[in-house]
Amino acid sequence: TKLPTLMFRTPAEADRHVALVVESLIRENNSAGVPTVLGLPTGSTPIGVYRELIRLHKEEDLDFSQVITFNLDEYFPMQPDSIHSYNRWMRANFFDHVNIPEENIHIPRGDIPVEEIDAFCEEYERQIEKAGGIQLQLLGIGRTGHIAFNEPGSSRNSLTRGVTLDPQTRRDAASSFFGAENVPHHAVTMGVGTILSARKIILMALGEHKASIVRKAVEGEVTEEVTASFLQKHP
Ligand code: GLP
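So, a few notes on the structure that sits alongside this text. (Residues numbered from 1 in each chain as written. Predicted model: local features only at pLDDT ≥ 70, side-chain atom pairs only at ≥ 80, totals over all residues. Heavy atoms only, no water.)

What follows is about the packing of helix H2 (residues 47-60) against helix H3 (residues 86-93). Direction vectors running N to C along H2 and H3 enclose 40°, while the axes themselves pass 10 Å from each other. Relative to H3, the element H2 is oriented oblique. Contact residues: H2 offers Ile47, Tyr50 and Ile54, while H3 offers Trp89, Met90 and Asn93. Across the contact of H2 with H3, the residue classes tally to five nonpolar, one polar and no charged. (Axes fitted to C-alpha atoms, helices over the stretch in contact; angles between N-to-C directions. Helix = DSSP H or I, 4+ residues; strand = E, 2+ residues; numbered from the N terminus. Parallel < 35°, antiparallel > 145°, perpendicular 65-115°, else oblique. Contact = heavy atoms within 4.5 Å. Nonpolar A, V, L, I, M, F, W, Y, C, P; charged D, E, K, R; others polar.)

Moving on, we come to the nonpolar core. If you look at soluble globular proteins, the nonpolar side chains tend to sit buried side by side. Residues Leu40, Leu53, Phe64, Phe94, Phe95, Ile100 and Leu138 are the most contacted members of the largest nonpolar core, which totals 28 residues. Mapped by element, the contributors of at least two residues to this core are helix H1 (11-32), strand E2 (36-40), H2, strand E6 (136-139) and strand E9 (200-206). Dropping the residues within four chain positions of it, phenylalanine 94 is found in contact with Leu40, Tyr50, Leu53, Ile54, Phe64 and Ile100. With 25 residues, the next largest nonpolar core counts Leu72, Ile112, Cys121 and Ala198 among its residues. (Core = buried A, V, L, I, M, F, W, Y, C linked by side-chain atoms within 4.5 Å. Buried < 20%, exposed > 50% of the residue type's maximum accessible area, 1.4 Å probe, protein only.)

Moving on to the packing of aromatic side chains. Evaluation of the coordinates by the stated rule reveals 10 aromatic pairs. Here tyrosine 50 and tryptophan 89 contribute two aromatic rings whose centre-to-centre distance is 6.1 Å and whose plane-to-plane angle is 65°, an arrangement assigned as edge-to-face. Highlighted residues: tyrosine 50 in helix H2 and tryptophan 89 in helix H3, separated in sequence by 39 residues. The structure contains a cluster of three or more aromatic residues connected by ring pairs, namely Tyr50, Phe64, Trp89, Phe94 and Phe95. (Phe/Tyr/Trp six-rings, centres within 6.5 Å; stacked < 30°, edge-to-face > 60°.)

Relative to the 32 Å expected for 22 residues at 1.5 Å per residue, H1 spans 32 Å between its end C-alpha atoms, a close match to the ideal helical length. Listed as buried for H1 are Ala14, Asp15, Val18, Ala19, Val22, Glu23, Ile26 and Asn29. Down the axis of H1, the buried side of the element spans an arc of 165°, and every buried residue falls inside it. Away from its buried face by more than 90 degrees, H1 exposes Glu28, Ser31 and Ala32. Looking at the buried side of H1, the elements it contacts are E2, H2, strand E3 (67-71), E6 and E9. Note on H1: the residue one or two positions beyond its end, glycine 33, has a positive phi of about 70°. (Expected span 1.5 Å × (residues − 1). Arc of directions from axis to C-beta.)

Once that is clear, we can look at the site of the ligand. As a matter of local geometry, the ligand sits amid Gly43, Ser44, Thr45, Asp73, Tyr86, Gly140, Ile141, His146, Ala148, Phe149 and Lys210. At 2.8 Å from a nitrogen atom of the ligand is found a side-chain nitrogen or oxygen belonging to aspartate 73. Between the ligand and histidine 146 there is a distance of 2.7 Å, counted from an oxygen atom to a side-chain nitrogen or oxygen. Each residue belonging to the shell around the ligand can be placed in one class, and the counts come to four nonpolar, five polar and two charged. (Near = heavy atom within 4 Å. Polar contact = N/O pair within 3.5 Å; in protein donor to acceptor, adjacent residues only side chain to side chain.)

For the coordinates displayed, the defined rule picks out eight salt bridges. Residue arginine 27 pairs with glutamate 23 through a salt bridge whose shortest N-O separation is 2.9 Å. One end of the pair, arginine 27, and the other, glutamate 23, are both in helix H1, four residues apart, so they sit about a helical turn from each other. Note on glutamate 23: relative accessible area 11%, which makes it buried. The salt bridge partner of arginine 55 is glutamate 59, with a shortest N-O separation of 3.1 Å. With arginine 55 and glutamate 59 both in helix H2 and four residues apart, this pair spans about one turn of that helix. Ionic contacts of the salt-bridge type, sharing partners, join the residues Glu52, Arg55, Glu59 and Glu60 into one network. (Salt bridge = Lys/Arg side-chain N within 4 Å of Asp/Glu carboxyl O.)

See below:
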C-alpha cells in the first residue's frame, strides 16, 4: 500500500495544511453538534500547528468547547508541573490558549506509583473508547522511528502502557533535560494499536534530518490511513 505523502516547501505551509484539516473537522462536528476527538503529540514538530490553531481560535472564532483530547505520552516518573513534563508543555503551548474544557483533556500520568501504571493505562484506553475513539491523530516521529514512545520492537497491537526508552531517544532529549543523565528511563505511552485505531492519522516530519526516518517508515509496513507529511528544509 502506498501512503499518501504530501511535501511542502516550508514548515509554515505544512503547519497551515494540517491546521486546516483539524479546523475543518472541528467546524463540521460543531455544526453537527457532535464532539471532536483529537489525539495530540508534543515535540518541536507540532508547535506550528498549535500556533495556527490558537490563531484560528482567537481571530477566526474556532470553538474548541466540544473538543476532547488524548495526548500520546508522558515521561515516567514525571510531575505534571515539572518544566520537563509533556503535561506542562501542552498547557503552555496549546491548552492555555484555547477553550477546551479541562475535563476533556487527557494526558498520560507520570506522577502515579509504578504499581498503578497498568490500571491507569487500561482506564486511558477505556476513556478513548468512551469518547467514541480518536477521529484525528496527529503524530511526529522520533529518531529511532518511534511514534509516541513506541520504540522499535513495539508490537502492532500494543496498547497504552509503561515503556523503557531507547538510549538514542534519551540522548535526543538530553538538551531539554540539561544532560542525558536527567532524562527518565521510562514513559507511559499510547500503543501502536491505540494509534492505528484512530480514524485518520497525520504524521508530520519537518527538516532534512527526518527524511531518512520517514522514508523507512513509508517503505515499511504501514497503513493506508497514515498520511506522511514529509518536508525538506532545502528542497
Ligand atoms: C518525543 C515524543 C514523540 C515525538 C518525538 C519527536 O520522543 N515522545 O511523540 O514525535 O519526540 O520530537 P520532535 O518533534 O521534537 O522531533
